[in-house]
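Coordinate inspection notes
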Amino acid sequence: MWIRTLILLTLAISAFGQAMLNGNGERIVDTVREISQPIQDACSNSKADIVFIIDGSRSIFPPDFKEQIEFLKSFVDHFIIGNNGMRFGVVTFGDKVIMDNTFGLTQYTSKEQLINRLSNIKFRHEHGTSTQTDLAIEYARETLFTEARLDTKKIAIVITDGLSTKPKKTAEEAMKMRNGEIVILAIGVGKKFQRKNCIQ
């Protein structure tokens, strides 16, 4: 059951990334809807703690940032949310972790609360002078995932254009996350996306 769930998660985020790279952001919601039923079927009896790590640096254009949020809202809408289902947290970053756009796994236990909170995440241009992906991954590992359930799979999904200010440090932090038995996936977004610098 878990392997099937992970495959469907990967398909969903891959479809989103491809839509963004092709400049077809308007199809994001449709893409998620196309696979919504198999996602619901696979996850009806599954649990996972998932943290989205969202790039809010200046190399991400505001329309792309907005599409990231719309994707998250559409994505979580297809899951059972709560302590007996899926739980979600978010870390947003630019030149640092943007705390007022960040929340933990235990804060929102209903779908309505979660989607409303996602709707209130705003692009913070003043914090976008650099892309400190490493700090965001470190924060997620050291803070948000300490709230993870012991019997539950842990997943981090990094949404970025790959232009990390410190690519070596980012790779090191990603490895620490994997060593902590956290599955880490990456989505490439924006016209400046660089695959070679994305999470390895």
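Relevant structure appears above.
So, a few notes on the structure that sits alongside this text. In this text, all values refer to a predicted model and were calculated from it rather than measured experimentally. (Residues numbered from 1 in each chain as written. Predicted model: local features only at pLDDT ≥ 70, side-chain atom pairs only at ≥ 80, totals over all residues. Heavy atoms only, no water.)

Contact geometry of helix α6 (residues 133–142) with helix α7 (residues 167–179) gives a least axis separation of 8 Å together with a crossing angle of 20 degrees. The angle between α6 and α7 falls in the class roughly parallel. Along this stretch, α6 crosses α7, giving a crossing that reads as left-handed. Where α6 approaches α7, its residues Thr 133, Asp 134, Ile 137, Glu 138, Ala 140 and Arg 141 are matched on the opposing element by Lys 169, Thr 170, Glu 173, Ala 174, Lys 176 and Met 177. Its residues assigned to classes, the contact of α6 with α7 shows four nonpolar, two polar and six charged. (Axes fitted to C-alpha atoms, helices over the stretch in contact; angles between N-to-C directions. Helix = DSSP H or I, 4+ residues; strand = E, 2+ residues; numbered from the N terminus. Parallel < 35°, antiparallel > 145°, perpendicular 65-115°, else oblique. Left-handed = near helix turned anticlockwise from the far one by under 90°. Contact = heavy atoms within 4.5 Å. Nonpolar A, V, L, I, M, F, W, Y, C, P; charged D, E, K, R; others polar.)

A packed helix pair is summarised by two numbers, namely the angle formed by the two axes and the spacing between the axes. It is at 9 Å that the axes of helix α4 (residues 62–76) and helix α5 (residues 111–119) come closest, and there the two elements cross at 175 degrees. Taken together, the axis directions place α4 and α5 in an arrangement best described as roughly antiparallel. Taking contact as the criterion, the partners of Ile 69, Leu 72, Lys 73 and Val 76 in α4 are, on α5, Lys 111, Leu 114, Ile 115, Leu 118 and Ser 119. In the contact of α4 with α5, the residues fall into six nonpolar, one polar and two charged.

All chains considered together, the criterion is met by seven aromatic pairs. Linked through ring pairs, Phe 52, Phe 71, Phe 75, Phe 79 and Phe 88 together constitute an aromatic cluster. (Phe/Tyr/Trp six-rings, centres within 6.5 Å; stacked < 30°, edge-to-face > 60°.)

Taken as a whole, α6 has its buried residues at Thr 133, Asp 134, Ala 136, Ile 137 and Ala 140. Buried residues of α6, viewed axially, fall in a sector of 165 degrees; they line one side. Buried residues along α6 sit against β1 (48–55), β2 (86–93), β3 (153–160), α7 and β4 (182–188). (Buried < 20%, exposed > 50% of the residue type's maximum accessible area, 1.4 Å probe, protein only. Arc of directions from axis to C-beta.)

Turning our attention to the environment of Ser 164. On the secondary structure map, Ser 164 appears in the loop between β3 and α7. A relative accessible area of 12% places Ser 164 in the buried class. Between the alpha carbons of Ser 164 and Asp 55 there is a distance of 9.6 Å; along the sequence they are 109 residues apart. Setting aside residues up to four positions removed in sequence, Ser 164 forms contacts with Thr 131, Thr 133 and Thr 170. Side-chain polar atoms of Ser 164 contact the side chain of Thr 170, separated by 2.7 Å. (Polar contact = N/O pair within 3.5 Å; in protein donor to acceptor, adjacent residues only side chain to side chain.)

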